[in-house]
Amino acid sequence: MKKGFTIIELMIATAFFSMLLFIIVLGFVQINRSYTRGITVKNTQSAARVIFDDIINTLRNTKAGNFTFSSSPDFRLCAGDIRYGWNQYWIDQFTSENTAEGNVFSLLKSYDGASCSNDFSEDESISPIQENLVVQYLGIEPVAGSSTTYRLEMVVSTRESVEGEDLEAYGQNALCKVGIGDQYCDVVNLNTVVTMRN
């Protein structure tokens, strides 16, 4: 009698090792996906906080009532000598040559003190804040009973979300789609109360 494996035994062993390999690869892919999602969330939240803190500091150092806010159609906030512009209107105004490595900015900040009704121009000192993020919503509302206190809310999403493939909803209610590729999408909602100078 010859010693060895029968064809049935080889098929069973191959099927077993194939299934084991599939489970290992699936686990590795899931771990990688979770890691990527964690990095995306961390980077988005950190960058959104930088933008939010910058706006808060600007408002705190501005005399109450000495700011202009427009949410449509050109999305701008002017506080003292500082002007902000955000969203698609301003993105369309500048070509990729005006941004670092062709990345689209989410927020422009100018220190020129020009009138808030003026458009941003290539000649003035414009600094893009936190590239690869998009300000989905920015709202400023006075708190009842106070002339110096305002409620500030901001919703920021990752840049990939602008293409419309990652988001299920936009604006104040922005929401990432669930499914393949959602590890690259994140939406951060920040809000606070700001007291301006008298």
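Residues numbered from 1 in each chain as written. Predicted model: local features only at pLDDT ≥ 70, side-chain atom pairs only at ≥ 80, totals over all residues. Heavy atoms only, no water.

Visitor: Where do I start with the packing of aromatic side chains in this structure?
Guide: Counted under the stated rule, the structure contains 2 aromatic pairs. Ring geometry for F16 and F17: centres 5.4 Å apart, planes at 70 degrees, overall edge-to-face. Considered together, F16 and F17 belong to a single accessibility category, that of exposed residues. Ring geometry for F67 versus Y150: centroids 5.1 Å apart, planes at 90 degrees, classification edge-to-face. In this pair, F67 sits in strand β1 (residues 67-70) while Y150 sits in strand β7 (residues 149-158), placing the two residues 83 residues apart along the sequence. (Phe/Tyr/Trp six-rings, centres within 6.5 Å; stacked < 30°, edge-to-face > 60°. Buried < 20%, exposed > 50% of the residue type's maximum accessible area, 1.4 Å probe, protein only. Helix = DSSP H or I, 4+ residues; strand = E, 2+ residues; numbered from the N terminus.)

Visitor: Explain the sheet that holds strand β6 (residues 133-142) here, please?
Guide: In any sheet, the strands associate via hydrogen bonds between backbone groups, in a parallel or an antiparallel arrangement. Here we have 3 strands laid out as an open sheet, ordered β6-β7-β10, and antiparallel in their pairing. Whereas interior strands pair on both sides, the edge strands pair on one side only; in this sheet they are β6 and β10 (187-195). Here the strands of the sheet are splayed against their neighbours by 15 degrees on average, with no regard to which way each runs. Note: β6 against β7, 9 bridges, orientation antiparallel. (Pairing = 2+ DSSP bridges. Axes fitted to C-alpha atoms, helices over the stretch in contact; angles between N-to-C directions.)

Visitor: Would you mind showing me how to read the state of the cysteines here?
Guide: Note: disulfide means a covalent bond formed between the sulfur atoms of two cysteine side chains. For the structure shown, the criterion picks out 1 disulfide. Paired through a disulfide, C176 and C185 show a sulfur-sulfur distance of 2.1 Å. Taking the sign of the S-S torsion, about -85 degrees here, the bridge from C176 to C185 comes out left-handed. Of the residues examined, C176 reaches a relative accessible area of 16% and is grouped as buried. (Disulfide = S-S within 2.5 Å.)

Visitor: Sorry if this is basic, but what is going on with the pairing of strand β2 (residues 76-79) here?
Guide: Residues in a regular strand project their side chains so that they alternate between the two faces of the sheet. A two-sided burial pattern is seen for β2, the buried positions comprising R76 and C78 on one face and L77 and A79 on the other. Sheet topology places β1 next to β2; 4 bridges connect them, and they run antiparallel. Residue F69 lies in a different strand from β2, and its bridge partner there is L77. Bridge analysis of β2 against strand β3 (residues 82-86) gives 4 bridges, and the strand direction is antiparallel. The residue bridging R76 from the neighbouring strand is G85, located in β3.

Visitor: So what exactly am I meant to see when it comes to the confidence of the model for the protein here?
Guide: Close reading of the predicted structure is inappropriate where its pLDDT is low. For the protein, the mean per-residue pLDDT works out to 78, and 73% of the residues sit at or above 70. Per-element confidence in the protein ranges from a low mean pLDDT of 50 for helix α2 (residues 88-93) to a high of 92 for β10. Within the model, pLDDT remains below 50 along residues 94-104, and this stretch shows 17 contacts once partners closer than five positions in the same chain are excluded. (pLDDT = per-residue confidence, 0-100. Contact = heavy atoms within 4.5 Å.)

Visitor: Help me out: how do you make sense of the pattern of salt bridges in this one?
Guide: Close approach of charged atoms allows side chains with opposite charge to pair. By the definition in use, this model includes 2 salt bridges. A salt bridge links D186 to R37, with the nearest nitrogen and oxygen atoms 3.7 Å apart. Taken together, the residues span a long stretch of sequence, with D186 in the loop between β9 (175-176) and β10 and R37 in helix α1 (residues 7-60) at a distance of 149 residues. With relative accessibility at 29%, the residue R37 sits in the partly exposed group. D53 is the salt-bridge partner of R49, the closest N and O atoms lying 3.2 Å from each other. Residue R49 and its partner D53 are both found in helix α1; the two are separated by 4 residues, about one turn of the helix. Judged by its relative accessible area of 38%, R49 is partly exposed. Residue classification places D53 among the partly exposed positions, given a relative accessible area of 30%. (Salt bridge = Lys/Arg side-chain N within 4 Å of Asp/Glu carboxyl O.)

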